[in-house]
Amino acid sequence: MTMKSLTVMEPGRAEFLQEEKPKATGRMMLVKVKRTGICATDFSIYTGESSFVKSGQIKYPVRFGHEWSGIVEAVGEDVKDFKVGDRIVSDSGFACGECEVCKAGDYAACRNDRSVGTVNAWPGSFAEYMLVPEYHAYKLPDNVSYDEGALVEPTAVSLDAFTNFEMKPGMTVAVIGVGAIGMSAIWLAKYFGADKVIAIGLRDAKLEIAKQIGADNVVNSREVDPVEAVLKATGGKGADLVIETTGYESALVQAFKMTIHTGRISIVSFYEKDITIPMDDVVHRKITIRGAAGQYQNPGRVCEIMGKNPVKLTPIITHRLPFHECLDAFENEKEYHNTKIKVMVEFE
Ligand SMILES: [Zn+2]
Ligand SMILES: [Zn+2]
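Before going into details, it helps to say that this report is about the structure given with it. (Residues numbered from 1 in each chain as written. Chains lettered and ligands numbered in written order. Predicted model: local features only at pLDDT ≥ 70, side-chain atom pairs only at ≥ 80, totals over all residues. Heavy atoms only, no water.)

### Quick look at the overall build of the protein chain
Part 1 of the argument: Secondary structure assignment for the protein chain yields 13 helices and 17 strands.
Part 2 of the argument: For 348 residues, the compact-globule estimate of 2.2 N^0.38 gives 20 Å, and the C-alpha radius of gyration of the protein chain, at 20 Å, lies within 12% of that figure.
Part 3 of the argument: Within the protein chain, the proportion of its 348 residues that are buried is 54%.
Part 4 of the argument: Contacts in the protein chain between residues at least 24 apart in sequence constitute 69% of all its contacts with a sequence separation of at least 6.
Part 5 of the argument: Accessible area of the protein chain: about 15700 Å², with a carbon and sulfur share of 50%.
Part 6 of the argument: In the protein chain, which carries 40 positive and 47 negative side-chain charges, the distance between the mean positions of the two groups comes to 3 Å. (Helix = DSSP H or I, 4+ residues; strand = E, 2+ residues; numbered from the N terminus. Rg over C-alpha atoms; globule rule 2.2 N^0.38 Å. Buried < 20%, exposed > 50% of the residue type's maximum accessible area, 1.4 Å probe, protein only. Contact = heavy atoms within 4.5 Å. Areas by Shrake-Rupley, 256 points an atom, 1.4 Å probe, with all protein chains shown as cover. Lys, Arg positive; Asp, Glu negative; His and termini not counted. Charge placed at Lys NZ, Arg CZ, Asp CG, Glu CD.)

The following block contains the structure:
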């Protein structure tokens, strides 16, 4: 029994391979992949520009893909909590399940963990089938589609921007960047009860989509100074929570200028170099800065929110490709670049 996968062989070259279909044993489940979203990380693995490639943490050939949803087709003999036919998503990294901390259930502390399709790659979701350990899997609620399921991973990353932040009535959240992370942050901010959500981006078409998923105000930073726009929208005070998702130093500097006294900045992006920030703003206005990234369990929380939130996140899916044609999104990325938010790959 074989299956088709898409594997990056070397920078700039990915190939469809015919691979052995894996077998579910122990606590593993064999999952038939239904959707895989393409993310900027996937593209940087394809081109070789990823800092993880440069540091040697990603080695070629690599089967990538980490934003997925699927259905359980077979379970190993020790799987207890899932059955054939369950619709699932997972954490973005898998602990080994065998070391001392894993046996104690503290998977986040495992030193032998592998990220799905990225660092020390667990074979990822650009494949018809993949193996998933049950202790990192989450069931999709019945009213949550496979499309939404494949958006759980980026949303689980932006969810961390709200960790230890108490949303109170009347609060304003400003989100810089309207890629998938920024969009899911906008969607979550509204769900968590922000009075006003301000989306800051460069393209009107994407800002229109930001409105559909919950943004109250949109700011095109090519036309308007975003700091002035946020101050104006908040009576001169600034936003209570500013979420920076672009990875640009200039955007982060703006974040400091648009945050309210005692406000909070959550940073959900990498800058890939040392940068200069206006530290005196932090001191004067007693700003809290928090780095945010994915963590275990967040996908389960996102599944729950998706099941409850009547506002759908799916308008951020701007492109769809069948699996056998998805190489086009990598080879001809320029044609997608200006209009894409999320490119969704569909499996049979
Ligand atoms: Zn991603
Ligand atoms: Zn372990």
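### Topic: the coordination of the zinc ion (ligand 2)
Part 1 of the argument: The coordination sphere of the zinc ion (ligand 2), as far as protein atoms go, consists of C96 (SG), C99 (SG), C102 (SG) and C110 (SG), spread over 2.3 to 2.4 Å.
Part 2 of the argument: With 4 donor atoms in place around the zinc ion (ligand 2) and angles of 105 to 116 degrees between them, the coordination shape is tetrahedral.
Part 3 of the argument: Ordering the donors of the zinc ion (ligand 2) by residue number gives the pattern C-x2-C-x2-C-x7-C. (Donors = N, O, S within 2.8 Å, 3.2 Å for Na, K, Ca; no water. Tetrahedral: all angles 85-135°; square planar, octahedral: opposite > 155°, others 65-115°.)

### A short note on the pattern of salt bridges
Part 1 of the argument: If you walk through the whole model with that rule in mind, you get 19 salt bridges.
Part 2 of the argument: Across the pair D147 and R320 runs a salt bridge whose closest N-O atoms are separated by 2.6 Å. One end of the pair, D147, is in helix α4 (residues 146-150); the other, R320, is in strand β16 (residues 317-322), and 173 residues separate them in sequence.
Part 3 of the argument: In this structure, E249 engages K273 in a salt bridge whose closest nitrogen and oxygen atoms are separated by 3.8 Å. Taken as a pair, E249 in helix α9 (residues 249-257) and K273 in the loop between β14 (259-267) and α10 (279-284) lie far apart in primary sequence, 24 residues in all.
Part 4 of the argument: Ionic contacts of the salt-bridge type, sharing partners, join the residues R35, D147, R320 and E346 into one network. (Salt bridge = Lys/Arg side-chain N within 4 Å of Asp/Glu carboxyl O.)

### Examining the pairing of strand β2 (residues 13-20)
A regular strand places its side chains so that they alternate between the two faces of the sheet.
Part 1 of the argument: Both strand β1 (residues 2-10) and β2 contribute to a ladder of 8 bridges, which runs antiparallel. Each bridged residue has a counterpart across the sheet, and for M3 the counterpart in β2 is E19.
Part 2 of the argument: Between β1 and β2, which follow one another and run antiparallel, lie 2 residues, and G12 among them has a positive phi close to 85 degrees. (Pairing = 2+ DSSP bridges.)

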